Amino acid sequence: MLKIYAGKNALKTIQEHGFKQELFTNFLGASGGPKWFSLFGLDKYLFGDFFKGRTTELNLIGSSAGAFRAACFAQNDPVAAISRLADKYAHTVYSDKPSVADISNSAADMLTHLFGKTGMEEIISNNVFKAHFIVAKSKGLTSYENKLVQGTGLLGSMLLNKIDRKLLTFQFDRYIYRPCSSQLKINDPYNFTSYYQDFTKENIGAALLASGSIPLVMSGIKDIANSPKGTYRDGGIIDYHFDFSLNSGNKPKGLTLYPHFSEKPKAGWFDKNSSRQVLAKSYQDTVLIVPSAKFVESLPFNKIPDRSDFQNLDANTRIKYWLKVLSETDRLADSLNEFTIKQDLNKIQSFLT
């Protein structure tokens with residue numbers, strides 16, 4: 001059901017100490033919209049069982065859908081929160097031709113549902129599960145809402161990225177919204193400028209919404225409180241599946257757990273269809289957990305959900321399909337639970353060696 005990969009350092013550490021929750025100090029959540037549904041069972045198991053009762057810090061780092069998941073995991077009842085998010089997202093219905101405003105308003109409504117009455121305060125004050133939302137601050141033409149102007153800017157982004165990923169720094173800065181007690185730092189081989197902003201009651205909602213605000217599809221978020229003025233967009237633009245390593249300041253360095261829907265992560269949004277691979281050094285301390293091809297083939301339509309389902313399927317068919325996928329992922333949780341009990345470490349494969 002699952003494939004488990006580990007970077008060089010992570011594999012050595014696990015072989016010496018076993019696969020234990022206390023080895024992990026970081027948790028990654030990628031962009032990808034409803035592709036995340038393929039990880040729902042794993043999310044419930046990890047934060048309802050594997051990490052339950054944890055007393056030491058676990059940094060939750062996410063962009064877009066991954067940030068929304070991190071916001072759930074940092075609440076007092078993470079399983080209830082992630083279940084609310086999944087149910088709300090699965091039942092989302094748009095008109096045949098939804099506008100940018102329609103989709104943006106739907107995302108804001110989903111955010112309210114995710115937080116509930118006390119979620120914001122719980123995330124801000126959680127000293128164990130520390131959520132970090134990655135956001136891309138737009139510069140130049142990409143900061144405009146006019147579709148022609150913004151599209152021209154994004155075309156430029158695509159061309160710059162094709163030449164060298166580092167050139168995207170001319171158009172986007174990385175912002176990481178986090179608890180004030182966080183010491184997490186991103187070690188980025190591409191040298192994107194990274195700014196760290198503390199959570200406040202005034203900015204946490206806007207920061208999370210910005211992290212999932214897809215260019216051209218949704219409105220950018222303007223002038224987030226306690227942040228420099230400007231337009232903030234989907235964190236996946238820079239960090240789609242991530243190509244960086246993490247530093248916990250003066251805290252002990254641990255491993256990074258990364259449940260992901262693909263065994264071939266792509267660094268940024270503009271790398272989705274490119275042959276560029278992430279760097280091995282970025283994943284030396286990472287354990288990647290991925291649904292197997294056999295599991296994916298067992299799902300309706302033989303694939304995991306994605307945003308094209310909104311266009312390609314009628315609402316009833318899509319909702320039925322997405323709910324089926326959510327229920328089927330409990331099998332992945334059972335598989336991971338069995339692995340942790342048996343400690344069959346021979347199942348772990350080397351990643352990017």
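Preceding block: the structure.
As the structure is a prediction and not an experimental result, all values here were calculated from the model.

Caption draft 1: Quick look at a nonpolar patch on the surface. On the surface, L155, M158 and L159 cluster together into a nonpolar patch covering about 280 Å² of accessible area. Among the structural elements, L159 can be located in helix α7 (residues 147-163).

Caption draft 2: How the structure looks around the packing of helix α3 (residues 65-73) against helix α4 (residues 78-90). α4 packs onto α3 with a crossing angle of 145 degrees between their chain directions and a minimal axis gap of 7 Å. Contact residues: α3 offers F68, R69, C72 and F73, while α4 offers P78, A81, I82 and L85.

Caption draft 3: Focus on the side chain of D285. With respect to the element layout, D285 can be found in the loop between β11 (255-259) and β12 (286-291). In terms of polar contacts, D285 uses its side chain to reach the side chain of N9, at 3.3 Å. With residues near it in sequence (within four places) discarded, D285 still touches N9, A10, K253, G254, L255 and T256.

Caption draft 4: Structural view of the pattern of salt bridges. For the structure on display, the rule yields 17 salt bridges. In this structure, the salt-bridge partner of D239 is R165, at a minimum N-O distance of 3.9 Å. Taken together, the positions of D239 in the loop between β9 (231-234) and β10 (245-247) and R165 in the loop between α7 and β5 (172-178) put the pair 74 residues apart, joining distant regions of the chain. We note a salt bridge from K324 to E328, for which the minimum N-O separation is 3.3 Å. Of this pair, K324 and E328 are both found in helix α11 (residues 315-328), four residues apart, which corresponds to roughly one turn of the helix. Each of R165, R174, D188 and D239 takes part in salt bridges that share partners, so that together they form one network.

Caption draft 5: Structural view of the environment of A67. Tracing the chain through its elements places A67 in helix α3. Along the primary structure A67 and H132 are separated by 65 residues, whereas in three dimensions their C-alpha atoms are 7.1 Å apart. Ignoring sequence-local partners within four residues, the contact set of A67 consists of G62, F133, L208 and S211.

Caption draft 6: How the structure looks around the nonpolar core. Formed by 91 residues in total, the largest nonpolar core has its most connected members in F19, F51, F133, L257 and V287. Here L257 is in contact with F19, F24, N26, F27, L28, L46, F50, F51, V287 and I289, once residues within four sequence places are set aside.

Caption draft 7: Geometry of the pairing of strand β3 (residues 58-63). Extensive coverage of β3 is indicated by the burial of six of its six residues. Residue alternation in β3 divides its side chains into two sets, L58, L60 and G62 and N59, I61 and S63, and both sets are buried. Where strand β2 (residues 24-29) meets β3, four bridges bridge the pair, whose relative direction is parallel. If you follow F27 over to β3, its bridge partner there is L60. Assessed by its sense of winding, the connection that carries the chain from β2 through helix α2 (residues 40-50) to β3 is right-handed.

Caption draft 8: Molecular detail of the packing of aromatic side chains. Within this structure, the stated rule accounts for 27 aromatic pairs. When the ring of F19 is compared with that of F339, the centres are 5.2 Å apart and the planes differ by 70 degrees; the resulting orientation is edge-to-face. You can see F19 sitting in the loop between α1 (8-17) and β2 and its partner F339 sitting in helix α12 (residues 330-342), a full 320 residues away along the chain. Here the aromatic residues F19, F24, F27, Y45, F47, F50, F51, F73, F129 and F339 are joined through ring pairs into a cluster of three or more. Here K185 stacks its cationic end above the ring of Y196, 4.1 Å away from the centre of that ring.

Caption draft 9: Local environment of the environment of L111. Structurally, the position occupied by L111 is in helix α5 (residues 100-115). Expressed as a C-alpha distance, the spacing of L111 and A206, which sit 95 residues apart in the sequence, is 9.5 Å. In this structure, L111 is in contact with F68, G205, L208 and L209, ignoring residues within four places of it in sequence.

Caption draft 10: Highlighting the packing of α4 against α5. Look at α4 against α5: their axes get within 8 Å of each other, and the N-to-C directions meet at 155 degrees. With respect to each other, α4 and α5 are oriented roughly antiparallel. As α4 runs across α5, the sense of the crossing is right-handed. Contact residues: α4 offers R84, L85, K88 and Y89, while α5 offers D109, M110, H113, L114 and F115. Tallied by class, the residues present in the contact of α4 with α5 amount to five nonpolar, one polar and three charged.

Conventions we followed
- Residues numbered from 1 in each chain as written.
- Predicted model: local features only at pLDDT ≥ 70, side-chain atom pairs only at ≥ 80, totals over all residues.
- Heavy atoms only, no water.
- Patch = residues over 30% accessible without salt bridge, like charges linked within 9 Å, V, L, I, M, F, W, Y side chains within 5 Å.
- Areas by Shrake-Rupley, 256 points an atom, 1.4 Å probe, with all protein chains shown as cover.
- Salt bridge = Lys/Arg side-chain N within 4 Å of Asp/Glu carboxyl O.
- Helix = DSSP H or I, 4+ residues; strand = E, 2+ residues; numbered from the N terminus.
- Axes fitted to C-alpha atoms, helices over the stretch in contact; angles between N-to-C directions.
- Contact = heavy atoms within 4.5 Å.
- Polar contact = N/O pair within 3.5 Å; in protein donor to acceptor, adjacent residues only side chain to side chain.
- Core = buried A, V, L, I, M, F, W, Y, C linked by side-chain atoms within 4.5 Å.
- Buried < 20%, exposed > 50% of the residue type's maximum accessible area, 1.4 Å probe, protein only.
- Pairing = 2+ DSSP bridges.
- Right-handed = clockwise from strand over helix to strand, strands pointing away.
- Phe/Tyr/Trp six-rings, centres within 6.5 Å; stacked < 30°, edge-to-face > 60°.
- Lys NZ or Arg CZ within 6 Å of the ring centre and 35° of its normal.
- Parallel < 35°, antiparallel > 145°, perpendicular 65-115°, else oblique.
- Left-handed = near helix turned anticlockwise from the far one by under 90°.
- Nonpolar A, V, L, I, M, F, W, Y, C, P; charged D, E, K, R; others polar.

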